[in-house]
Amino acid sequence: MRACVFLAVQLYEHKEGLRESEKTEREMTAALAEVGRHRGRAFERIMLLGGDDVVEAAHQLNAAALQIDWQATGRIAGTLEEWRERNRITFKEINEFHEAARVDLGVQGSLKDESHPERDLLLPPSAPSSSASQRTDPAA
């Protein structure tokens, strides 16, 4: 799942001019399609081996992740903020899936307690603007 998201991010950022890539758009799209096939096979294994809650969490995760793929490939439109929200939702669904899988497997502990606070996307700082160099001296 994470490989799909990371490749979609690479494609989206390249297409939007946020980051250059040594790969062509065509190569990135092909790589995204390939990991999508792997995701589909992994999903089938979950359908065979997971309990009801795990299967439902996998469905929710897959639906959220497809939104990222579709915006990255241009199948659906969206702003940068909508893009980031789709990523937030997908990572929340990854955590929900992990929680359901842990319960199904009998793993002790929880990812949702006080020792594991909710986290947001890790984003780089904004690029410095020209106004930053025009700050006034507070002593003046």
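Let us look at the structure shown here.

Calculation notes
- Residues numbered from 1 in each chain as written.
- Predicted model: local features only at pLDDT ≥ 70, side-chain atom pairs only at ≥ 80, totals over all residues.
- Heavy atoms only, no water.
- Core = buried A, V, L, I, M, F, W, Y, C linked by side-chain atoms within 4.5 Å.
- Buried < 20%, exposed > 50% of the residue type's maximum accessible area, 1.4 Å probe, protein only.
- Helix = DSSP H or I, 4+ residues; strand = E, 2+ residues; numbered from the N terminus.
- Patch = residues over 30% accessible without salt bridge, like charges linked within 9 Å, V, L, I, M, F, W, Y side chains within 5 Å.
- Areas by Shrake-Rupley, 256 points an atom, 1.4 Å probe, with all protein chains shown as cover.
- Salt bridge = Lys/Arg side-chain N within 4 Å of Asp/Glu carboxyl O.
- Lys, Arg positive; Asp, Glu negative; His and termini not counted.
- Charge placed at Lys NZ, Arg CZ, Asp CG, Glu CD.
- Expected span 1.5 Å × (residues − 1).
- Contact = heavy atoms within 4.5 Å.
- Axes fitted to C-alpha atoms, helices over the stretch in contact; angles between N-to-C directions.
- Parallel < 35°, antiparallel > 145°, perpendicular 65-115°, else oblique.
- Left-handed = near helix turned anticlockwise from the far one by under 90°.
- Nonpolar A, V, L, I, M, F, W, Y, C, P; charged D, E, K, R; others polar.

### Notes on the nonpolar core
- Ala8, Leu32, Ala72, Trp83 and Phe97 are the most contacted members of the largest nonpolar core, which has 22 residues in total.
- The dominant element in this core, judged by the number of residues it contributes, is helix α1 (residues 2–15), at seven residues.

### Quick look at a negative patch on the surface
- On the surface, Asp52, Asp53, Glu56 and Asp104 cluster together into a patch of negative charge.
- The element that contributes the greatest number of residues to the negative patch is helix α3 (residues 52–73), accounting for three residues.
- Of note, Glu56 is situated in helix α3.

### Details of helix α4 (residues 80–105)
- Along its 26 residues, α4 runs 37 Å from first to last C-alpha, staying within 8% of the 38 Å computed at 1.5 Å per residue.
- Buried within α4 are the following residues: Trp83, Arg86, Asn87, Thr90, Phe91, Glu93, Ile94, Phe97, Glu99, Ala100 and Ala101.
- Those residues of α4 hidden inside the fold are in contact with α1, α2 (25–49) and α3.
- Within two residues after α4, Gly106 carries a phi angle of roughly 80°, on the positive side.

### Some points on the environment of Arg39
- Turning to its location among the elements, Arg39 is positioned in helix α2.
- C-alpha separation for the pair Arg39 and Cys4, spaced 35 residues apart in sequence, amounts to 7.7 Å.
- Each residue touching Arg39, except ones within four places of it in the same chain, is listed here: Met1, Cys4, Asn62, Ala65, Leu66 and Asp69.

### Observations regarding α2
- With 25 residues, α2 should reach 36 Å at 1.5 Å per residue; the first-to-last C-alpha distance of 36 Å fits that figure.
- Taken together, the buried positions of α2 are Met28, Leu32, Val35, Arg39 and Phe43.
- Elements that come into contact with the buried residues of α2 comprise α1 and α3.

### Some details on the pattern of salt bridges
- Evaluated as defined, the whole model comprises six salt bridges.
- With its nearest N and O atoms 2.6 Å apart, the salt bridge here joins Asp69 to Arg39. Of the two residues, Asp69 is situated in helix α3 and Arg39 in helix α2; the sequence distance between them amounts to 30 residues. Grouping residues by exposure puts Asp69 and Arg39 together as buried.
- Glu81 is paired through a salt bridge with Arg88; the nearest N and O atoms lie 3.2 Å apart.
- Arg88 gets classed as partly exposed once you look at its relative accessible area, which sits at 24%.
- Through salt bridges with shared partners, one network takes in Glu81, Glu85 and Arg88.

### Thoughts on the packing of α1 against α3
- Orientation of α1 relative to α3, taken along the N-to-C sense of each, is 25°, at an axis distance of 8 Å. Taken together, the axes of α1 and α3 are roughly parallel relative to one another. In this structure, the crossing between α1 and α3 has a hand that is left-handed. Residues Cys4, Val5, Ala8, Leu11, Tyr12 and Lys15 of α1 form the contact with α3, whose participating residues are Ile68, Asp69, Gln71, Ala72 and Thr73.
- Of the residues contributing to the contact of α1 with α3, the split by class is seven nonpolar, two polar and two charged.

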